[in-house]
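Take a look at the letters that make up each chain.
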Amino acid sequence: MEKLQCPMHQYPSETTRSLGLDPVMDEVRGSGGVARVQYPYGDAAWLVTGYEDVRTVYSKKAFSRTGMSKESAPRLTAGLLLQGGIGSLDDSIHTKLRRVIGRELTGARMATLRTATQAIMARRLAELDRSAESDYVSVVAKPFSLNVLGELVGISEADQPAVGDWVSGLLTDASESDAGARGAEAALQDLGKYVLRLIAERKAAPTGDFVSDLMQHGDDLEKWELVTVVFALIVGGYESSAHMLSKIVLRLLLSPGLWDMLREHPDRIPGVVDELLRTISLAGGEGLPWRVREAVRVGGVDMQPGDFVVPAIGAANLDPSVFADPERIDSERMAKPHMAFGYGTRYCLGSQIARMELEVGVETLLREYPHARLAVAAEEIRWNSGSAVWQLAELPINLWEKESA
């Protein structure tokens with residue numbers, strides 16, 4: 001089978017970050033749905049943007065996440081994929097670890113964590129400046145996410161800032177800096193040492209947190225598997241939640257009608273959060289890359305063993321053939337499920353924690369500060385561009401603007 005010849009796109013583009021997709025995604029969606037992309041690191045890959053094509057990559061045996069720790073794997077940062085995290089393990093081990101994690105995320109644990117999360121968010125919101133504009137990102141979202149992660153995994157509040165810095169270091173875009181690449185490697189080593197120390201401490205003195213219970217009930221786990229699970233929870237549980245929460249709050253503040261509707265109908269918050277997860281991507285719309293392991297045809301393109309393919313989950317979640325008027329937020333939308341958390345056996349196990357954090361964050365802000373407003377014009381919002389996660393540099397909000405008489 002002959003490969004389709006098509007232009008190569010550099011990904012991500014140099015566009016300013018936003019709540020929308022990277023323009024490359026829109027270009028590919030409008031010109032056939034499949035194209036070649038070159039990431040800052042690794043080999044070129046196929047990018048697929050259609051909903052059904054993305055589900056095919058996630059579900060068909062012709063595609064695999066095994067071996068994605070190779071130097072040739074397409075990636076946004078120097079160290080993001082090189083270490084073979086839980087998402088890069090072969091199917092049998094990945095299934096085993098998913099089963100162990102799922103077993104520990106019981107209904108009782110989630111209920112306890114939600115109660116703790118509500119108290120954490122109330123405490124963080126109380127730190128905002130009540131007399132002037134405040135930065136929601138640094139004062140609320142980031143420490144909130146770290147505090148919830150600490151509550152789950154057992155990271156002391158004193159250790160949380162360092163853990164946050166290490167995770168951020170792993171996600172930093174080092175494509176233009178050797179020093180950045182060395183920083184990512186140092187962050188990996190420091191975080192790895194911390195995880196080993198945390199596991200040793202919980203083994204010596206269990207505290208009832210997730211890690212303690214995982215070791216107590218996970219006798220079938222080898223040490224490296226235990227480290228992989230804890231490492232994955234920490235890396236996946238901080239920046240993604242913190243920055244998605246900030247972006248969701250921004251979207252709500254930019255949508256007075258939606259904000260006011262949720263103030264009057266807080267029971268619709270879960271449905272709206274689900275829609276915001278569908279329409280706001282963690283980054284520019286891409287998912288983690290896969291490797292083709294047997295010849296396959298996707299989106300009219302023949303792919304060969306050894307090729308890399310990137311499922312564009314953000315683009316798929318806006319596929320108009322699946323989601324009518326896809327940009328519209330509809331809390332009662334009846335459509336196929338979105339893929340913000342992946343699909344099938346690669347569906348994110350931390351999704352229920354992430355949803356819970358986002359719902360608590362939105363409902364607490366609406367309840368405590370129903371008149372909150374952006375403190376700057378929309379065009380003045382600043383974004384960071386140096387991370388694999390598209391993130392706000394800050395989110396200035398005013399808490400005390402009253403409704404018009």
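How each quantity is defined
- Residues numbered from 1 in each chain as written.
- Predicted model: local features only at pLDDT ≥ 70, side-chain atom pairs only at ≥ 80, totals over all residues.
- Heavy atoms only, no water.
- Axes fitted to C-alpha atoms, helices over the stretch in contact; angles between N-to-C directions.
- Helix = DSSP H or I, 4+ residues; strand = E, 2+ residues; numbered from the N terminus.
- Parallel < 35°, antiparallel > 145°, perpendicular 65-115°, else oblique.
- Left-handed = near helix turned anticlockwise from the far one by under 90°.
- Contact = heavy atoms within 4.5 Å.
- Nonpolar A, V, L, I, M, F, W, Y, C, P; charged D, E, K, R; others polar.
- Pairing = 2+ DSSP bridges.
- Expected span 1.5 Å × (residues − 1).
- Buried < 20%, exposed > 50% of the residue type's maximum accessible area, 1.4 Å probe, protein only.

Colleague: Looking at this model, I keep getting lost on the packing of helix 12 (residues 269-279) against helix 14 (residues 351-368). Mind explaining?
Modeller: Each packed pair of helices is defined by two parameters, the angle between the axes and the distance between the axes. Closest axis-to-axis distance for the helix 12/helix 14 pair is 10 Å, and the angle between their directions is 120 degrees. Our classification of the angle between helix 12 and helix 14 gives oblique. The two elements helix 12 and helix 14 meet at a crossing, and its hand is right-handed. Within the contact between the two elements, helix 12 uses Ile 269, Pro 270, Val 273, Asp 274 and Leu 277 and helix 14 uses Arg 355, Leu 358, Glu 359, Val 362, Glu 363 and Leu 366. Of the residues belonging to the contact of helix 12 with helix 14, the class tally is seven nonpolar, no polar and four charged.

Colleague: What's the story with the sheet that holds strand 4 (residues 63-64) in this structure? I'm lost.
Modeller: Strand pairs in the sheet, formed through backbone hydrogen bonds, run parallel or antiparallel to each other. Read from one edge to the other, the open sheet built from six strands follows the order 1-2-3-9-6-4, with strand pairing classed as mixed. Each edge of the open sheet is held by one strand with a lone partner, namely strand 1 (8-10) and strand 4. Its contacts with the sheet put helix 2 (residues 51-59) on strand 3 (45-48), strand 4, strand 6 (290-292) and strand 9 (308-311), and the angle it makes with strand 9 is roughly 125 degrees.

Colleague: Could you clarify how one ought to interpret helix 9 (residues 223-237) in this entry?
Modeller: Because an α-helix packs 3.6 residues into every turn, residues spaced three or four apart end up facing the same way. Taking 1.5 Å of rise per residue, 15 residues should cover 21 Å, and helix 9 covers 21 Å from first to last C-alpha, within 8% of that figure. Where burial is concerned, most of helix 9 is hidden: eleven out of the 15 residues are buried. For helix 9, the set of buried residues is Glu 225, Leu 226, Val 227, Thr 228, Val 229, Val 230, Phe 231, Leu 233, Ile 234, Val 235 and Gly 237.

Colleague: Help me understand unusual backbone geometry, please; the structure alone is not making it clear to me.
Modeller: Following Tyr 11, the chain continues to Pro 12 via a peptide bond in cis, the omega torsion being 0 degrees. Along the chain, Pro 12 falls in the loop between strand 1 and helix 1 (23-29). The residue Asp 325 is not glycine, and still its phi comes out positive at about 50 degrees. Along the chain, Asp 325 falls in the loop between helix 13 (313-316) and helix 14. For Asp 325, a relative accessible area of 47% puts it in the partly exposed group.

Colleague: Mind showing me how you'd approach the sheet that holds strand 5 (residues 134-135) here?
Modeller: What the three strands build is an open sheet, ordered 5-13-10; its pairing is antiparallel. This sheet does not close on itself; its edge strands, each paired only once, are strand 5 and strand 10 (373-374). With two bridges connecting them, strand 5 and strand 13 (residues 396-398) associate as antiparallel partners. Pairing of Asp 135 across the sheet is with Pro 396, part of strand 13.

Colleague: Honestly, the packing of helix 11 (residues 256-264) against helix 14 in this entry has me stumped. Any pointers?
Modeller: Taken N-terminus to C-terminus, the directions of helix 11 and helix 14 make an angle of 85 degrees; their axes are 10 Å apart at the nearest point. When the interaxial angle is binned, helix 11 and helix 14 end up roughly perpendicular. The residues of helix 14 that touch helix 11, namely those facing Trp 259, Leu 262 and Arg 263, are Val 362, Leu 365 and Leu 366. Residues that form the contact of helix 11 with helix 14 fall into these classes: five nonpolar, no polar and one charged.

Colleague: Teacher, can you tell me more about the pairing of strand 3 here?
Modeller: Taken residue by residue, a regular strand's side chains alternate between the two faces of the sheet. On strand 3, burial covers both faces: Ala 45 and Leu 47 on one face and Trp 46 and Val 48 on the other are all buried. Note: strand 2 (residues 34-38) against strand 3, four bridges, orientation antiparallel. The residue of strand 3 that forms the bridge with Ala 35 is Leu 47. Turn length for the strand 2-strand 3 hairpin, with the two strands adjacent in sequence and antiparallel, is six residues, and the turn residue Gly 42 shows positive phi of about 85 degrees. The sheet contact formed by strand 3 and strand 9 spans three bridges and is parallel.

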